[in-house]
Amino acid sequence: MAVTISRLGYKRLSRIIFEWQAADRAAMLALFMVMDVSLHWLWFLFVWLRRGVYEAYVDMALFYPLWLGVSIAGLFFWWMMSRLTRSKVQDAYLYKWQIVMITIYSIYIAIVVVVMGHSSLVSGVSLVGGAMLGMMLARRRYMWKAFLFHIIVILAATLLPYLGFYLPDLRKMTLAAIPIDTYSYLTYSEMTTVENALVAPIFHDGAIDWNNLHQLRLSSSFFWRSTHMYLALPKAIFIVYMFRTLLLIIDKSKAEILNHANQDELTQLKNRRYGLSRMQQVIVAVKDKQDFSVILLDLDWFKDVNDNYGHEAGDQVLREVAQTLKSALPASAIISRYGGEEFLIVLPNTNHDQALIMAEHIRQSIAKQEIKVDEEVNLGVSASLGLYTLTFNELNRLKEDYLAVAQSNTSPTTPRRFRIRHTKSKIKKVAQLEDVARTICQHTITTADKALYKAKDQGRNRTVSANEIFSKEHMIV
């Protein structure tokens, strides 16, 4: 697969990160290296074209060998990108080429940082940003070792001059056109201090006038700071863009994963786990004067459909019943496939009479439905429904009863002398409320399930309310 800069958009990057093979990702890493080296090569070209102006700030004896090295590095990374793009390298060889590529790039960047001035800006972007970007596209173990290598190089470049070791330096400092030899023990920070002192006479009252702007432009301080910004900022902007894109991809993938984890693949309804979780949330969030209803729906004689017409016909029935439920119920309803041919419907803020009307509407809609299995067979199905409504007062009573039991089962605690104990107490109470919500959820479903079995016993294709059953039993008593 061809690797180009045009593939750095959001959608194509998502393919690179999640779908491309290891060789494709390594080729993209090589492309990043080519882009970085190309920026450096253009800097050398610019200095060479303006050498009459800038040779006072640059050690030209070191300049040309470095330019040659940058050119060779750029050609190598270009060749690596082309090789990895055009041929599918086997994993064993791919890892070896990754080691070679990362090693050469690490040495190359180390030389650039040391020779062109190890400023915090250049070093920081190369050290942190480059390593994190590389970990997206190559073996993390290799990038970690390259990261440690860069730390050692920066420490060495900082400390060795104090020990009397000479480090090559491409920079010269001048004020206007007067060169000052910089081959000394001065570190980057100390050089910056000297540069500031040299440039200070140009400023008057903290400002600079247009007459002195040309002189400042000619100073080595301005030139090398601009160089360091040029070396670091494009890379920093690119790395931030890459990680912004990666975060967008992760957010989208997270949403897709959650949707997949919560969805029943066959019916495209929510699955049992999600239905129970949302039901518990509704129980916790019920407000004053709000009732709460649950319907359990089971298709009648569904096993006969599978036995007589095959599982494909059974799957078609489940899909079409699911669509009927979606269209027949309000948007606030929580519909999930509870298991097999059974569906769980949670109706927040719905009283018993409203829920009974909805349940009957669902039952009649399913009973009227004809499901086309093939050219010759149209199936008619029916459903039995069990309904249970918890009024706000009953729900509060259950919460209080279950919470009292939960608290009585916990061991007594020592007096709360510190705020942290109070925080732990709050966390504990929230956990207890969640446990109580799970218990009430199971109690509600079990009650609706009993009403469902009553509907089956009474001949199927009907709705039975657990509330009405309890009311009749209470009247008999």
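The rules behind each value
- Each residue is numbered by its place in its chain's sequence as written, counting from 1.
- In view of the model being predicted, local features appear only for residues whose pLDDT reaches at least 70, and side-chain atom pairs are presented and counted only at 80 or more, with totals across whole chains, interfaces and linings using the full set of residues.
- Only hydrogens and water are removed before side-chain values are computed, so all heavy atoms of the structure are retained for them.
- The pairing test for Phe, Tyr and Trp rings, Trp by its six-membered ring, is centres within 6.5 Å, and the orientation test on the planes gives stacked under 30 degrees, edge-to-face over 60, and tilted for anything in between.
- Strands here mean DSSP runs of E at least two residues long; helices mean DSSP runs of H or I at least four residues long; both are numbered from the N terminus.
- Under the scheme applied here, a residue whose accessible area is under 20% of the maximum for its type counts as buried, over 50% as exposed, and between as partly exposed, the area being computed with a 1.4 Å probe on protein chains only.
- Each ring is checked for a lysine NZ or an arginine CZ that lies within 6 Å of its centre and within 35 degrees of its normal; such an atom marks a charge sitting over the ring.
- Lines fitted to C-alpha atoms define the axes, with helix axes restricted to the stretch in contact, and inter-axis angles between N-to-C directions lie between 0 and 180 degrees.
- Comment on the angle field: the value is read as roughly parallel under 35 degrees, roughly antiparallel over 145, roughly perpendicular from 65 to 115, and oblique elsewhere.
- By convention, the crossing between two helices is left-handed when the near helix turns anticlockwise from the far helix through less than a right angle, and right-handed when the turn is clockwise.
- Pairs of residues are marked as contacts when any of their non-hydrogen atoms sit within 4.5 Å.
- Residue type decides the class: Asp, Glu, Lys and Arg count as charged, Ala, Val, Leu, Ile, Met, Phe, Trp, Tyr, Cys and Pro as nonpolar, and the leftover types, Gly among them, as polar.

Student: Tell me what's going on with the packing of aromatic side chains, and back it up with residues and numbers.
Tutor: Applying the stated rule across the entire model yields 23 aromatic pairs. Ring geometry for Phe76 versus Trp79: centroids 6.3 Å apart, planes at 40 degrees, classification tilted. Pair noted here: Phe76 and Trp79 are both in helix H4 (residues 60-86), with a separation of three residues, about one helical turn. Since its relative accessible area comes to 41%, Trp79 is described here as partly exposed. These aromatic residues form a ring-pair network of at least three members: Trp41, Trp43, Phe44, Phe46, Trp48, Tyr54, Tyr57, Phe63, Tyr64, Trp67, Phe223 and Trp224. Geometry around Trp48 places Arg51 over its ring, the cationic atom sitting 4.5 Å from the centre. If you follow Lys270 out to its NZ or CZ, it ends over the ring of Tyr274, 5.1 Å from the centre.

Student: Could you give me a rundown of the packing of helix H2 (residues 22-49) against helix H10 (residues 220-262), with the residues and numbers involved?
Tutor: For any two helices packed against each other, the geometry comes down to the angle between their axes and how far apart the axes lie. The geometry of H2 relative to H10 is characterised by a closest axis approach of 12 Å and an angle of 160 degrees between their N-to-C directions. Classified by the angle their axes make, H2 and H10 are roughly antiparallel. The way H2 lies across H10 gives a crossing that is right-handed. Contacts from Phe32, Met35, Asp36, Leu39, His40, Leu42, Trp43 and Val47 of H2 reach H10 at Phe223, Trp224, Thr227, Tyr230, Leu231, Pro234, Lys235, Phe238 and Met242. Split into classes, the residues belonging to the contact of H2 with H10 amount to 13 nonpolar, two polar and two charged.

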